[in-house]
Every structure is written in structure tokens, then in C-alpha cells.
Amino acid sequence: MKPLLVILGAGESGAGTAVLGTAQGFRVWVSDKGQIADRYKREIEACGAEWEEGQHSMDKVLAADVLVKSPGIPDTAAPVAAAIQKGIAILSEIEFAARYTDALLIGITGTNGKTTTTSLIYHILKQAEWNVGLGGNIGQSFARQVAQEQHDAYVLELSSFQLDNCYDLRLDIAVLTNITPDHLERYGSMPAYRASKMRITQNQGPEQAFIYCADDAETRLALSEYPPKAKTYSFSLQNQARLGAWIADGCIQLNTDNKHTTQIDMKDFTIRGQHNQNNSMAAAIVSQLVDVRKDSIRESLSHFENIEHRLEPCGKFKGIEFINDSKATNVNSAWYALESMDKPVIWIAGGVDKGNNYEDLKPLVRQKVKMIICLGMENIKIHHAFQSDVDMIINTMSAKEAVHVASRLASSGDAVLLSPACASFDLFDNYEDRGRQFKEAVRNL
């Protein structure tokens, strides 16, 4: 009898895994505790897999030979904990899919910047006419692409949750953008969170490459705890790298062979801010390692359009600029957004607090923020953190209300920045829903 592949969670990742699993000869059963979207039901049925929704049938879960779970489901969830106790192999989609491709694998993780860096690398390779796929925590399911498209290379955004259930994954090139406190409600401590991020280097050897931010203290600590075996390259805004990239004279300075330094002029880059200089350096290192020409890298970085919900301009009203940074779900990400602002800011913040410490934001708030509009059900922590730093803090309970209040209180030449520093699940389905409701409210002004 064919082995049974059980998939917990029937979203993009789960449906794609079902397609690959059936293609590889598994009996596939997909279980989702919620409702499965119609398009995923059709896809699951079309590939010959079975499914259930609204529950997890434990007898079927525990009959699995292999279990692939959605990264959002923790190991403490009842069906996962029972499967672990029984000794069933539990994998992430990334681990499962990687077993069925010989393509070049480029993986990017980090608390902040991983989506932009992943998108930049994919954009550069695509412009260089590579047969490349985009997957992981962004784009289409990696597993579905392995089953149906057979790219020569994949650029994968990897969250810590996805890395947690990777065991044999070996990335040809791994990138760690930074490590700052996040998801501590799941990991419990920074050492555990650092360990999760460093799984991106596991199984790499001297033939592979590992790229990291030399300016990031938590990353340096992680490297001392888990020394990479791969060849290492760093990027820095502060110091010249021995191998890697740094900034000087308005250019990215790039040296990946310890012999020749290449300069890439940044004056025409489409994305701004120090954080995007880091993202661009990481992408440039990857691109040079796979022999993309300098001119092609520069041109691609000069034509790149930023991703949705990340410092996304979404309109002007009476001289007021509105910016959607809904993807900023932690303090460090909001810091980067505020740092990049060059005009007075009306800051829309708040949501589900993830154990945030706002101390690092206070100097930027005092320097750049005129007032704060809270968007969330519990805002007391933001009030306490910033009440002495701004003239006004106002509570709102919808994107429409927050935009309306901001439009009345802002002046021409101001920027209204949605950069919440919090998760979205109190008032919205996810950060995408929050960002889209914000943009819709701006359009309706």
C-alpha cells in the first residue's frame, strides 16, 4: 500500500503539498480545522487527494507515515503533539518539497527584511533571464512549483516557523537579514528564537554560502553559538567587509572573491532607507555569487517595485501622503519605517502586542512623529510608552476611522504612516487585510 501523507492546514502551502504528494505516489489526506477555500478544495480533489474541514480526525492523523503541517500550527497543538508522541515524521512544506528537486536553492530568513530581500533576489535573477521560482513564505507554494514547473532555481522566503520542521534541507545560498525579538510567545526566549533562525545554515558545508548582517548584534551572537560551516559573506553599513558588501561613496562595494571590488551606484535605486540598503547589499552578494553581471544587478535594483504592504505609497489627499506599512508587525520593522521618513509623521500603530518593548522607538518618535493614532482593541501600552513624546494619542477601531481621523488632523506636507509594530488579529484577518482596508479607506477620502 502507498504511504499515507497527512497534511494539516489547507491553505496555499497545504494544497501545494497535496499536489506534490500525489505526484510522488503518496496517498494524501488533507485536514483543516477551519473552512477550506473553494479553489483549494478543487485543487486537492483534482489531484486525487481526500480532505476534511472543521476538525482534525485523530485516527486519520495518527495513521500518517509522514505529516506535513502548516507553519502556523505549533507543536503544542493536539494533533501535532499526539503525532510527535507516536514518532511520526513531521515536516514543513519546505523540507518535503526540497526532497524532490535538484534545483539551486536560495533561502532567506530574518526577523525583518526577508520579504524584500527575497523579492529583490528573485527580481534580479528573473531580469537576468533565469528559470527561477519564488516561494516559501511568499508567492506560490514551493511544493506545487516542484511538482508542476521544475525551475532551475528557487528563491525561498523562510520564516522561523517553516525552518523549525526542516531537518535535511541544504540551501546552496542562505541569507540571514537580522535577528530582533519576535514571536517570543511561541519560542519563550531569545536563545530559542536564535536557534530557530540558525537552522537555515544546517547541513551547509564549505561548498555552500551563508550571508549575514555584520552590524546586527543578535546575529553575531547567533554565529558564535552556531558557527556556520559554509563559506561566509557579510554586509555592513558601518565597516568594510572582508568578503561581502559595504557602502562607500554612494555605492555598494561588492567583493565576493577576495580579489576584485565591484561598485554599484545607488543613486537610481527605487527603494530607500538604511534597511533597504542592507536588503540591496544582501541581494547583490547573492547575485554576484551566481554570476549575474554588475550592470544587470544595478538595472534590476533601479527598476524594482517594492512589495505590497511594505512602505507602499497608496495615495495623497490635500497634500498629505499615505503610506501602507502593514507588514511591520514588530517594533524593529516599525523602527525602519520611521527611520526612513523625511517629513512630519502621523503614525498609525497598534494591534495585538507581542511582548513589545517600545523604548528603541522613542528617539525616532520624538524626532519625527506629530501624533499617534492607535488602531487596535488594547492600546494602553502605546499610551504609556509615548504619552510624553507626542502631543496627542487617539484611539480608533477600524482602518476607515483611523484614516478619517488622520486626514482631519494632518497638514499638507505630512505623511500618514500605517506601521503598526503589532499583529493584526484583533480587528483584521491578517496584515494583508489590514493593509488593504487602509488603502481602501485612503481611496475613499
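About the cut-offs
Residues numbered from 1 in each chain as written. Predicted model: local features only at pLDDT ≥ 70, side-chain atom pairs only at ≥ 80, totals over all residues. Heavy atoms only, no water. Buried < 20%, exposed > 50% of the residue type's maximum accessible area, 1.4 Å probe, protein only. Helix = DSSP H or I, 4+ residues; strand = E, 2+ residues; numbered from the N terminus. Arc of directions from axis to C-beta. Contact = heavy atoms within 4.5 Å. Pairing = 2+ DSSP bridges. Axes fitted to C-alpha atoms, helices over the stretch in contact; angles between N-to-C directions.

1. Side note on helix H2 (residues 38-46)
Along H2, the positions that sit buried rather than exposed are Tyr40, Lys41 and Ile44. One side of H2 holds all its buried residues, which, seen down the axis, span an arc of 105°. Among the exposed residues of H2, those pointing more than 90 degrees away from its buried face are Asp38, Arg39, Arg42 and Ala46. In the core, the buried residues of H2 are packed alongside helix H1 (12-23), strand S2 (27-32), strand S3 (50-53) and helix H7 (142-148). One or two steps after H2, the chain reaches glycine 48, where phi turns positive at roughly 90°.

2. Regarding the sheet that holds strand S15 (residues 312-317)
Neighbouring strands of a sheet are bound in pairs by backbone hydrogen bonds; such pairs are parallel or else antiparallel. Across the sheet, which stays open at both edges, the six strands sit in the order S15-S16-S20-S17-S18-S19 with mixed pairing between neighbours. This sheet does not close on itself; its edge strands, each paired only once, are S15 and strand S19 (392-396). The average angle at which neighbouring strand axes cross in this sheet is 20°, direction not considered. The sheet contacts of helix H14 (residues 331-340) involve strand S17 (345-349), strand S18 (369-375) and strand S20 (415-418), and relative to S17 the element is tilted by about 165°. Running at roughly 150° to S19, helix H17 (residues 399-409) makes contact with S15, strand S16 (320-324), S17, S18, S19 and S20 of the sheet.

3. Overview of the sheet that holds strand S14 (residues 262-265)
Here we have nine strands laid out as an open sheet, ordered S7-S8-S6-S9-S10-S11-S12-S13-S14, and mixed in their pairing. Two strands in the sheet have a free side with no partner beyond their single neighbour: strand S7 (132-136) and S14. Pairwise comparison of adjacent strand axes, ignoring direction, gives a mean angle of 20° for this sheet. The sheet strands contacting helix H6 (residues 114-127) are strand S6 (104-109), S7 and strand S8 (153-157), and the helix crosses S8 at an angle near 165°.

From the geometry alone we can't say anything about function, so treat these as descriptive.
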